[in-house]
Amino acid sequence: MTPRWIWRALSAPGLLFLGVFFLVAFYAVVAVGMGNVTTLFEPVPYWNPLDWNVGYLAQALEDLAPGGQTWPVVVRTILYIAIAMTLSLLIGYPVAYYAARYAGRWSGLILVLLVLPFWISYIMRMFAWTNLLASDGYAAEALNALSIDSIFNALGLMDGGDWLGGQPITVILALVYGYVPFFILPLYASLDRLDQRLIEASRDLGASASETFRRVILPVSRPGIYAGLVLIALPMFGDYFTQDLMSGSPNTNMIGNVINGYVQGGPDKSLGAAMTMVLSAFLLIFMAFYLRSLRREQREAM
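Residues numbered from 1 in each chain as written. Predicted model: local features only at pLDDT ≥ 70, side-chain atom pairs only at ≥ 80, totals over all residues. Heavy atoms only, no water.

### Considerations on the overall build of the chain
Across its full length, the chain holds 13 helices and two strands. Of all 302 residues assigned to the chain, the portion counted as buried reaches 37%. A separation threshold of at least 6 residues defines the contact pool for the chain, and within that pool the share at least 24 residues apart is 65%. Here the chain has roughly 17,600 Å² of accessible surface; of this, 68% comes from carbon and sulfur atoms. (Helix = DSSP H or I, 4+ residues; strand = E, 2+ residues; numbered from the N terminus. Buried < 20%, exposed > 50% of the residue type's maximum accessible area, 1.4 Å probe, protein only. Contact = heavy atoms within 4.5 Å. Areas by Shrake-Rupley, 256 points an atom, 1.4 Å probe, with all protein chains shown as cover.)

### Thoughts on a positive patch on the surface
On the surface, a cluster of positive charge is contributed by R292, R295, R296 and R299. Summarising the element assignment, R299 is placed in helix α13 (residues 269-301). (Patch = residues over 30% accessible without salt bridge, like charges linked within 9 Å, V, L, I, M, F, W, Y side chains within 5 Å. Salt bridge = Lys/Arg side-chain N within 4 Å of Asp/Glu carboxyl O. Lys, Arg positive; Asp, Glu negative; His and termini not counted. Charge placed at Lys NZ, Arg CZ, Asp CG, Glu CD.)

### Some details on the nonpolar core
Formed by 49 residues in total, the largest nonpolar core has its most connected members in L191 and M275. Only α2 (55-64), α3 (71-101), α4 (107-115), α8 (168-192), α10 (209-238), α12 (255-265) and α13 provide two or more residues apiece to this core. The contacts of M275, once residues within four sequence positions are left out, are A60, D63, L64, T70, V258, I259 and Y262. (Core = buried A, V, L, I, M, F, W, Y, C linked by side-chain atoms within 4.5 Å.)

### Observations regarding the side chain of T242
Summarising the element assignment, T242 is placed in helix α11 (residues 241-246). The residues contacting T242, other than those within four sequence positions of it, are Y122, M126, V171, A174, L175 and S247.

### Side note on α4
Residues of α4 that are buried include every one of S107, I110 and L114, and no others. Each buried residue of α4 lies within a common arc of 60 degrees when the element is viewed along its axis, so the set occupies one face. Along its buried surface, α4 packs onto α3 and α8. (Arc of directions from axis to C-beta.)

### Concerning helix α1 (residues 4-33)
The sharpest bend along α1 measures roughly 35 degrees and falls at A12, with the proline P13 sitting one to four residues further on. Where α1 is concerned, the buried positions are G19, V30, A31, V32 and G33. (Bend = angle between axes of the 7 residues up to and from the residue.)

### Comments concerning the confidence of the model for the chain
Should pLDDT be low for a region, the predicted coordinates there are not to be read in detail. Across the chain, pLDDT averages 83, with 88% of residues at or above 70. Of all helices and strands in the chain, the one with the weakest mean pLDDT is helix α7 (residues 148-154) (60), whereas α3 scores best (92). (pLDDT = per-residue confidence, 0-100.)

### Considerations on the environment of P186
On the secondary structure map, P186 appears in helix α8. Considered as a pair, P186 and G224 are 38 residues apart in the sequence and their alpha carbons are 5.6 Å apart. Residues contacting P186, with those up to four places away along its chain left out, are G224, A227, G228 and L231.

### Considerations on the packing of aromatic side chains
The tally for this structure, following the rule as stated, stands at 12 aromatic pairs. Seen from their ring centres, Y122 and Y179 are 6.0 Å apart, and the 45 degrees between their planes marks the pair as tilted. Within this pair, whereas Y122 is found in helix α5 (residues 122-132), its partner Y179 is found in helix α8, the two being separated by 57 residues in sequence. Exposure remark for Y122: the relative accessible area of 21% places this residue in the partly exposed category. Using a relative accessible area of 9% as the deciding quantity, one classes Y179 as buried. Cluster of aromatic residues (ring-pair linked, three or more members): Y93, Y97, Y102 and F213. (Phe/Tyr/Trp six-rings, centres within 6.5 Å; stacked < 30°, edge-to-face > 60°.)

Structure, rendered in structure tokens:
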């Protein structure tokens, strides 16, 4: 059996990397959010916790709370991400299930196709979509010919025929396109480890194919679903570039756009840092819920 100190030694470089490039950087954000500003609105970070100023944090909480200035953006962000996660589940689960259970020798090719988008810059992939969805682009013409745009108009997701004119559906579909591979890969790993004997036992006990899927396959794959949803939800909450490129309209702003506006283009960088702290705390709760659900699933499986 390998001694524990070997694994501790091997993990030390990675822990040091995380400590330097995450914890220190995040503490800098906290120092700015709990700091102050000069007369020219330049941030003055307070590194000593004893000197922290909670004014900007209180303002961020007030703006993000129901009835606050940024509350409509918070609701819009949660709605967009909820729809994107649902679409990712509906698209990704059949792909992962087929690749893990039925693709056979083609499963490797499917995985390569899923990983291929990561070889290209995320920015370049989104730029490609702006060219396709332009008013004279190939995709826009095809969708108009199929009258799919009329369905979106009826649902209130699209106003007019311009796909890049501040349409919520364009932002949501871009989020799905950008992040759905992150959902499929952990789900595929979960389904690929499924013990075939469980399925055979279910069939021997008289369960139909649908009952086997509902009572055996779906519960076993639940940790993979949770992992995939967390992997796509966390970056979606902080995403601002997708909305900027695919819409650019204030009517489709997400919380990431608000924070980016404060930090990059606005004078209130300390307020933007405070909002980053609030968003991080919310995502930490989301992550804790995932870990708790995962432990419960593991206890039930034992």
